[in-house]
Each structure stands twice: as structure tokens, then as C-alpha cells.
Amino acid sequence: MYRKNKVGVLGIVITIVILILVVVFSHGEKNTSFFEKFANKLVMPFQNGLTYLKNKVNGNDTFFSDINKLKVENEELKKQNSKLEQSLRELENIKTENETLKEYLELNKKYGEYKTVPAYIINKDISNYYKTIVINVGAKDGIKEKMTVIADKGLVGHVISVTDNTAKVQTIVDTSSAVSALMSTNKDSIVCKGVLGENKELKGMYIATDANVLQGDSVVTSGLGGIYPKGIHVGTVKSVSSPKNITDRYVSIETAVDFSKLDTVLVINNKE
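Residues numbered from 1 in each chain as written. Predicted model: local features only at pLDDT ≥ 70, side-chain atom pairs only at ≥ 80, totals over all residues. Heavy atoms only, no water.

Caption draft 1: Summary view of the overall build of the chain. Summing up its helical and strand segments, the chain has two helices and twelve strands in all. In the chain, the succession of helices and strands from N to C terminus is α-α-β-β-β-β-β-β-β-β-β-β-β-β. When burial is assessed residue by residue, the chain has 29% of its 272 residues classed as buried. Considering only contacts in the chain between residues 6 or more positions apart, those separated by 24 or more positions represent 57%. When the accessible surface of the chain is split by element, carbon and sulfur atoms take 57% of a total near 18,200 Å². (Helix = DSSP H or I, 4+ residues; strand = E, 2+ residues; numbered from the N terminus. Buried < 20%, exposed > 50% of the residue type's maximum accessible area, 1.4 Å probe, protein only. Contact = heavy atoms within 4.5 Å. Areas by Shrake-Rupley, 256 points an atom, 1.4 Å probe, with all protein chains shown as cover.)

The structure is reproduced here in C-alpha cells:
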């Protein structure tokens, strides 16, 4: 009997304790039950983790969006740069054409007494023995063999072969070239020939024994030989040799034309 009463009292105590705990937890927050609070405490860490991951993903989306935008802008800049480079090349071509036309105009003014055909060089063959150039005018332009070719500074050479649209010119520095010329001071005649291995020097030979040869004297074409008109500048006496035999005397002549920089020429149409 005593044991039964003891168990009954214990059960009442436990019941009261549970009720007190329920009341305490249920009234900790007005609208939150004990079980809700327990669930919140259990779920909250997972919820916070998911929120963090969501924010990170959203940030990455913005990053990748910015990268794609930069790629598009970069492609546009590349296209604009390509257009600017093309425009620059066109301007350079126009500038070159204008400079060429200016050179032609100056040449025409300088050699106005001749009927000429303007041309520019499309190929050069400057070796030890042969020094020729090819120009962009030919038979269709009235060009014929043996026509004289000149540049701004003076004599270039003469035409040796012709096609419909091009002409080959033997320059005066070719080793097989020979130009009948005069020294301007004393009017003595000499023959100017190309020198092996030289692109800007001629050898003046067959000088009269009584000729007074001066360093720095100008050399011009004599008009003899049937190719070159008289009075075209050939070059300047650079040095005078003094061998024991005066008949072997010769002069070194620096050509008026710098063949390494030659671009534009005129062909004198003196064969009509």
C-alpha cells in the first residue's frame, strides 16, 4: 500500500515538473512554442549556410557577367583598332602618292625642255657587275630602247629593253656602261664608266694630257654618242689620280644620283 502511494506521488511530481517546463518554454516568446524554438535552433545553422552559399553564387554570377561584358568590349576595341590601322595605311599611301606626284612635278619643271614620261622603279638588280632597274612604263607608254632616264639630281641611265608595260634601264654605274661627258670648268671631254663593286662612283677616263683637272668640278653629258642629250648632270670629281704616265690619268666621280634611294624617274622621249 505504501509503495503504491509512493509511486503515485512520484508520478504527480514528474507531471508537475513537465507542465512547469512546458509553461516556461511556451511563454519564453509570445508566439513561439517550445518545439518551434527547438526546430529553429536545429535548422538555423543549415539555413545560414544556405544563405551564405546563395550570396556567393550570386556574386559569382555578377563576376562572370562582368567578364563577358569585358570580352565584348575588347572585341569592339579590336575592331576599332583594326579600322584605325587601315585608315592609317590609306593615309600613308595617299601621302606617298602625293610625294611621288610632287617629285614628278619638280622633275618636269627642272627638265621642262624635254618631252618626258614619268615612272617609278618596280625592281632593282644591283650586283657587282650588272646594275639595272625596271620601271613601270613600256611600249604602251611610248617607251623605246636607248631613251635617256633621269632623276631629280641628274643622269640615271638609258633603256635597254622594253615590254608592253615595263622597261629595263641600264644605270650609269653598271660596269658595261660608258657615258661621254665634259668637265664643266675646262670643257675637256672624258668617258665615265661604272666601277666594279661601286654603286655611287664612276671612273673618268681618256683625259687629255693638257687638261687641267680640278677636284670638285661638275661633270655633265657631252651629247656625243647618240644616247644622252647634252648638259645633264652626271656627278662631281671626287679625286684625281696622278700616275707616272700622264696618259693613264683618271678621275673618280661621285654620281649625282643616289641609286640606293632612287624611287621616281623621268624617261626623255627623244626618239620620236
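Caption draft 2: Representation of the sheet that holds strand S1 (residues 116-126). Overall, antiparallel pairing links the six strands, which are arranged S1-S2-S5-S4-S3-S12 in a closed barrel. Across the sheet, the mean angle from the axis of one strand to that of its neighbour is 40°, orientation sign disregarded. The sheet contact formed by strand S3 (residues 148-150) and strand S12 (residues 264-268) spans three bridges and is antiparallel. For isoleucine 150, the partnering residue across the bridge sits in S12 and is leucine 266. (Pairing = 2+ DSSP bridges. Axes fitted to C-alpha atoms, helices over the stretch in contact; angles between N-to-C directions.)

Caption draft 3: Here's a closer look at the environment of valine 257. Here valine 257 shows up in the loop between strand S11 (251-255) and S12. For valine 257, a relative accessible area of 3% puts it in the buried group. In this structure, the C-alpha to C-alpha distance between valine 257 and glycine 235, residues 22 residues apart in sequence, is 7.7 Å. For valine 257, the contacting residues outside a window of four places in its chain are Ala151, Lys153, Gly154, Leu155, Val156, Lys200 and Leu262.

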